[in-house]
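In case you want the letters, here they are:
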Amino acid sequence: MRLSLKKLVGPLKWLVAIFLLVFTIRSGKLDFDQLKIFVTSPSTALLCCMVTLIWYGTTFYRWKLLLKSQEIDVPYKLAFQLGMLGQFFQTFAPGTVGADVAKALYICRRFPKQKVKALSSVVVDRAIGLFALMVLGAVTFLISYDHISQQHDKFIPLIKSLGFLLVGISVTGFLALIFLPLIKVVLLRSSKVTQNWSFFRHQLKQAKDVIRQYADRPGVLWISILLSFATHSMAVLVLYIISKQIFGPPPWGSIGTASFFLSSVLGLTAMALPISPLGLGVGQVAFAAVFVALGVGMGSFGASIVTALQIVTLSVNLLGAVFFATHKHEAAELEKLNEVIQDA
């Protein structure tokens, strides 16, 4: 029964995505005619793909920096290839293996004696990306708080609660970064207290070694956060370009720049939740609700621009097929890993 349930996870996620997409279309919040911009304006499609490719490239450079802070030096070309291969596998190959798992597998295969450090780079890379997204959400929430308070949509209390939650997470995260050296000292003392507990001593030693590497190079973490701000801003820029092409130049309703940024951040955060593949359906519902709540008069605004963004990212992810073809050994390993996860 456990095996059967695990095999159902993937199809269930697709069913959720299809259900939400159908709901969005039937409710009139998604108009596919508005997506003809990629046919009527090829230059817009090309510009969005170029910005997305730079966004991806910056993300992979951030990962390379985090690897280097763990004394794993890889050429940027390899980091880019592995990153794009992970994006392709996550998007087009059926199964449960995501881009992060793919990158972790690749890097561990190349550095078998540094598996913990290699894995930590993938985990920290994702954590920093999410943290930076939340910080941007917190900042834009505080800037646009007066505008939010003037709205009377039923989702405004929820948006305010999420906004204050983002502020709390941001403050906590920055405090953790500032006091990272102290955390390192606490772990060091903990390893001495548990020196007779072989299992805990081993786990704490590994954690201490990883944290020490990051604590000794705090500049890498701060640079990674700044790079994350840039990548998320590029995602919002793509949404802005799409919005301008479909609905004309701003303003769109009563929404301002900060509120547009906040709406995009909240929508992207919802898409990051592992509810449906690539945030399909979830993104449409979240974007539609948030943009309407914050003052966009057009009900189809949010769902249309996020659908266009997903088309752009799918197109760019397709470029990973080049590396899928040239890295057949890694691709075969991923397919095997996919089978192991499904049968576990």
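Structure: see above.
Residues numbered from 1 in each chain as written. Predicted model: local features only at pLDDT ≥ 70, side-chain atom pairs only at ≥ 80, totals over all residues. Heavy atoms only, no water.

A. Fine view of the packing of helix H12 (residues 257-272) against helix H13 (residues 282-293). Taken N-terminus to C-terminus, the directions of H12 and H13 make an angle of 155°; their axes are 9 Å apart at the nearest point. Classified by the angle their axes make, H12 and H13 are roughly antiparallel. At the point where H12 passes H13, the crossing takes the right-handed sense. Taken together, the residues of H13 that come into contact with H12 (itself represented by Phe260, Ser263, Ser264, Leu266, Gly267, Leu268, Ala270 and Met271) are Val282, Gly283, Ala286, Phe287, Val290 and Phe291. Counted by class, the contact of H12 with H13 contains 10 nonpolar, 4 polar and no charged residues. (Axes fitted to C-alpha atoms, helices over the stretch in contact; angles between N-to-C directions. Helix = DSSP H or I, 4+ residues; strand = E, 2+ residues; numbered from the N terminus. Parallel < 35°, antiparallel > 145°, perpendicular 65-115°, else oblique. Left-handed = near helix turned anticlockwise from the far one by under 90°. Contact = heavy atoms within 4.5 Å. Nonpolar A, V, L, I, M, F, W, Y, C, P; charged D, E, K, R; others polar.)

B. Highlighting the packing of helix H6 (residues 115-143) against helix H11 (residues 218-247). Across the interface, H6 lies against H11 with an axial gap of 9 Å and an inter-helix angle of 60°. Considering the angle they form, H6 stands oblique to H11. When the axes of H6 and H11 are compared, the crossing they make is right-handed. Contacts between H6 and H11 involve Val124, Ile128, Gly129, Phe131, Ala132, Leu133, Val135 and Leu136 from the first element and Leu221, Ser224, Ile225, Ser228, Phe229 and His232 from the second. When grouped by side-chain class, the residues that make up the contact of H6 with H11 number 10 nonpolar, 4 polar and no charged.

C. Expanded view of the environment of Thr140. Its location among the elements puts Thr140 in helix H6. When the C-alpha atoms of Thr140 and Ser263 are compared, they prove to be 9.2 Å apart, with 123 residues separating the residues in sequence. Other than its neighbours up to four places away in sequence, Thr140 contacts Ala258, Phe261 and Leu262. Within the structure, Thr140 has its side chain in polar contact with the backbone oxygen of Leu136 (distance 2.8 Å). (Polar contact = N/O pair within 3.5 Å; in protein donor to acceptor, adjacent residues only side chain to side chain.)

D. Representation of the pattern of salt bridges in the model. A complete count under the given rule lists 3 salt bridges for this structure. The closest approach of N and O atoms between Lys36 and Asp33, which form a salt bridge, is 3.7 Å. (Salt bridge = Lys/Arg side-chain N within 4 Å of Asp/Glu carboxyl O.)

These results come straight from atomic positions and should not be treated as a statement about function.
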